[in-house]
Each structure stands twice: as structure tokens, then as C-alpha cells.
Amino acid sequence: MNSIIKVIRKLRITLLSIYTRAYLRAVGVELGRNVKLGCPPTVFRNKSARIVLADGVCLAGGTLQNKVCTAGMVIAADAPGACVFIGAFSGISCSVIYAVDKITIGKNVNIGAGCRIYDTDFHPVSMESRRIHDVSKIKTAAVVIEDDVWLAANVTVLKGVTIGKGSVIATGSVVVNNIPAGVIAGGVPAKVLKYL
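Residues numbered from 1 in each chain as written. Predicted model: local features only at pLDDT ≥ 70, side-chain atom pairs only at ≥ 80, totals over all residues. Heavy atoms only, no water.

Asks: For the overall build of the protein chain, give the residues involved together with the corresponding values.
Replies: Tallying secondary structure elements over the protein chain gives two helices and 20 strands in all. For 196 residues, the compact-globule estimate of 2.2 N^0.38 gives 16 Å, and the protein chain sits close to it at 17 Å. Its C-alpha atoms give the protein chain principal-axis dimensions of about 60 × 40 × 25 Å. A burial count over the protein chain gives 40% of its 196 residues as buried. (Helix = DSSP H or I, 4+ residues; strand = E, 2+ residues; numbered from the N terminus. Rg over C-alpha atoms; globule rule 2.2 N^0.38 Å. Buried < 20%, exposed > 50% of the residue type's maximum accessible area, 1.4 Å probe, protein only.)

Right, here's the structure in full:
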């Protein structure tokens, strides 16, 4: 019985991967070779924006691939000229990546379930600007996550942040400032806890 269940599960993943690949191409996502796909992410892409998944990227958007993926995945390049670039052999589990400027994720990055990466504040800080929906006052700044970084589950990375090569960000952290290479950081806001 277990072998039948495994075969059915593998077939479901294969069919989902075929559907997801077709969907991503249809919405203009640039796919590298050997991209591993499961449940399709929700994609928002402005006509002049780019979303790039480099060679070997793995998107685990559902419980078939990752048992802790209870929510969907969102990838958005939601403004003219915006860009989301996900480097080779990076793996992302049911997270939200939302760019109106640029989000660059390096090679071999692991992004755990429930992470959120934003390069925008979405709304102005000033109450008066929010009341009149003055989008010119919304602050944005590019995000860079360098190679070999691990974002544990439920990490939030906010605008203008660079996370250095090989660093680990602890579960539930909120990253509001740059994190150097080769450290473990955690907390709200995230601070360096240990050098690796």
C-alpha cells in the first residue's frame, strides 16, 4: 500500500510541475534549466518587470513537497522595471517575495516556509499621505540576499537590506538592517548573535 501511495504522490508532483512550468512561462517568468517546481506560486508581473528563476531553483509551494507549507507562495515584480532574481540552486518554501524595485537572491540560498521579503513599505509613513493615498511618499529600496544564506521559517526581510554571504537568520526574525557575512542573526529587529 505504501508503495502505491508513493507512486501516486510522485505522479501528482510530476503533473503539478508540468502545469506550474507552463503557467510560469505564460505569465512571463524566465526559467533556467532543471528548475524544480511543485504547486504554482501566485505571480504578479508588470509588463516591463522581470522575474528570473536561474538554473536548478526549487520552489516548494505546497505540502506535497514540504510538509510545513500550509500557505501558498507569492512572487511579485509589481511595478514598471521591477525585478526579482533568484539565483542558481536556491530553494524557497511557500514564501512571499514582493518587489517594486529589485530583490536579488544569490546562489544556494535556502528560504524557509512563511518567509516574507519586501523592498517597499507599501504605504507612506505619514498619516496625511496615507489619507490621500500619496504613493509618491512610499519608500522603496532594493534587497540583496547573498549566496549561501539560510532564512529559517517565518523570517521577514524589509526594504534596503543586504544579508551577507553564508549568514543564517533565525526563525521569526525581522531583518531591518544589513547583516554581515558569516554570522547567525536573530530577533526583532535581527542582530548578530554569533560569528560562524
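Asks: So, the pattern of salt bridges: which residues are in play, and what are the values?
Replies: Oppositely charged side chains can form a pair if their charged atoms are brought close together. Per the counting criterion, the structure on display carries three salt bridges. Across the salt bridge formed by D121 and K159, the nearest N and O atoms sit 3.2 Å from each other. You can see D121 sitting in the loop between β12 (116-118) and α2 (127-131) and its partner K159 sitting in the loop between β15 (156-157) and β16 (162-163), a full 38 residues away along the chain. For D121, a relative accessible area of 29% translates into the label partly exposed. Given a relative accessible area of 27%, K159 falls into the partly exposed group. (Salt bridge = Lys/Arg side-chain N within 4 Å of Asp/Glu carboxyl O.)

Asks: Describe the nonpolar core, with residues and values.
Replies: Side chains that are nonpolar tend, in soluble globular proteins, to be buried together. Among the nonpolar cores identified, the biggest contains 41 residues, and I117, L151 and I163 are the most heavily contacted of them. Contributing elements (two or more residues each) for this core: β4 (50-53), β6 (74-77), β7 (83-86), β9 (96-99), β10 (102-105), β13 (143-145) and β19 (183-186). Not counting chain neighbours up to four residues away, the residues in contact with I117 comprise V96, I97, Y98, I103, I105, I111, V143, I145, L151 and V157. (Core = buried A, V, L, I, M, F, W, Y, C linked by side-chain atoms within 4.5 Å. Contact = heavy atoms within 4.5 Å.)

Asks: Outline a nonpolar patch on the surface, listing residues and values.
Replies: Together, L11, L15 and I18 give the surface a local cluster of nonpolar side chains, amounting to about 310 Å² of exposed area. Relative to the elements of secondary structure, I18 occurs in helix α1 (residues 2-26). (Patch = residues over 30% accessible without salt bridge, like charges linked within 9 Å, V, L, I, M, F, W, Y side chains within 5 Å. Areas by Shrake-Rupley, 256 points an atom, 1.4 Å probe, with all protein chains shown as cover.)

Asks: Could you give me a rundown of the sheet that holds strand β3 (residues 42-45), with the residues and numbers involved?
Replies: Ordered in space as β3-β6-β9-β12-β15-β18, the six strands form an open sheet in which the pairing is parallel. Each of the sheet's edge strands pairs with one partner strand only, and the pair in question is β3 and β18 (174-175). With four bridges connecting them, β6 and β9 associate as parallel partners. Counted as the bridge partner of V74 is V96 from β9. (Pairing = 2+ DSSP bridges.)

Asks: Which residues make up the side chain of S90, and what values go with them?
Replies: Mapped onto the elements of the fold, S90 is located in the loop between β7 and β8 (91-93). Judged by relative accessible area, which is 1%, S90 ranks as buried. In this structure the side chain of S90 is engaged in a polar contact, spanning 3.3 Å, whose partner is the backbone nitrogen of N108. For S90, the residues in contact, after removing those within four places along its chain, are G56, V57, C58, I105, G106, K107, N108 and V109. (Polar contact = N/O pair within 3.5 Å; in protein donor to acceptor, adjacent residues only side chain to side chain.)

Asks: Report on the state of the cysteines, specifying residues and quantitative values.
Replies: The term disulfide refers to a covalent linkage connecting the sulfur atoms of a pair of cysteines. Following the criterion strictly, the structure yields zero disulfides and no others. The thiol of C115 is unpaired, and the distance to the nearest cysteine sulfur, on C94, comes to 8.7 Å. A relative accessible area of 1% places C115 in the buried class. (Disulfide = S-S within 2.5 Å.)

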